[in-house]
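# Structural description and commentary
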Amino acid sequence: MKTNNVALFPTLVHKVDDFLSADECVKVFEYVQNLDDGKKHKLILGGDSKSNFALGGSFINNVPVCSDLEERVKTAIQDYASVSGISFSKIDNSWYSIQDVGSCLENHTHPLSGISGVLYINVDEQSSPLCFFNPNQHIYNTYCKNHTEYSFLWAKFQPKKGELYIFPSWLCHGSNGIANNTKNRTIISLNAY
């Protein structure tokens, strides 16, 4: 008897290592630190936070210390779109977020977009992780003797400076209640369709 495994409905998360160099991360971090347009982000719980999310618009095309950032992100999203099959025509919005020690990012999705991404500017081993949650809601009511790639409930990634993660906007993500322990944990997030 021959058994064939068929992986149905997999979810693609595209991780780009060293998307920004260490020097670029420092320059972008210093630039963002000096902005005064941020307000508390409603999805960042506990501790202080600052974000220009509420302003809308495209933050990544206005970062003078990294003038080609938008084009580089577009290229990475196009690569993701080619593999995932999700269509991509433009970046709809992007924003920065800064979290202080003791804060955590509430689990959420990005409605009204197709592809989302997060670029890590200032993180270290003490930063809250990026957690993705299994979109199959039935798995949460299924007894699993051991979790495999087919039955895990969530996956955790410890981000590094300069990494870019791209994923479908409907994929729930956050810090799963794990508090950030990095002063001024800084990211740039985006939505595309």
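Everything that follows concerns the structure shown earlier in this document.
Residues numbered from 1 in each chain as written. Predicted model: local features only at pLDDT ≥ 70, side-chain atom pairs only at ≥ 80, totals over all residues. Heavy atoms only, no water.

## Considerations on the overall build of the protein
- Each helix and strand in the protein was counted, giving two helices and 11 strands.
- Along the protein, helices and strands appear, N-terminal first, in the series β-α-β-β-α-β-β-β-β-β-β-β-β.
- Against the globule reference of 16 Å for 193 residues, the protein gives a C-alpha radius of gyration of 17 Å, in line with a compact fold.
- C-alpha atoms of the protein, sized along the principal axes, occupy 65 × 35 × 30 Å.
- Total accessible area on the protein is roughly 10700 Å²; 52% of this is exposed by carbon and sulfur atoms.
- Across the protein, the 16 positively charged side chains and the 19 negatively charged ones have centroids separated by 6 Å. (Helix = DSSP H or I, 4+ residues; strand = E, 2+ residues; numbered from the N terminus. Rg over C-alpha atoms; globule rule 2.2 N^0.38 Å. Areas by Shrake-Rupley, 256 points an atom, 1.4 Å probe, with all protein chains shown as cover. Lys, Arg positive; Asp, Glu negative; His and termini not counted. Charge placed at Lys NZ, Arg CZ, Asp CG, Glu CD.)

## Quick notes on the environment of S58
- Within the element layout of this structure, S58 appears in the loop between β3 (49-51) and α2 (69-84).
- For the pair formed by S58 and N93, sequence separation is 35 residues and the distance between their alpha carbons is 4.6 Å.
- Apart from residues lying up to four places away in sequence, S58 is in contact with E70 and S94.
- There is a polar contact of 3.4 Å between the side chain of S58 and the side chain of S94. (Contact = heavy atoms within 4.5 Å. Polar contact = N/O pair within 3.5 Å; in protein donor to acceptor, adjacent residues only side chain to side chain.)

## Some points on the sheet that holds strand β4 (residues 91-99)
- The strand order across the open sheet formed by six strands is β1-β9-β6-β11-β4-β3, and the pairing between neighbours is antiparallel. Two strands in the sheet have a free side with no partner beyond their single neighbour: β1 (14-16) and β3. Each strand axis lies, on average, 20° off the axis of its neighbour in the sheet, ignoring direction.
- In this structure, strand β6 (residues 115-122) lies alongside strand β9 (residues 164-168), joined through five bridges in antiparallel fashion. Its bridge partner lying in β9, L119 is registered against L164. (Pairing = 2+ DSSP bridges. Axes fitted to C-alpha atoms, helices over the stretch in contact; angles between N-to-C directions.)

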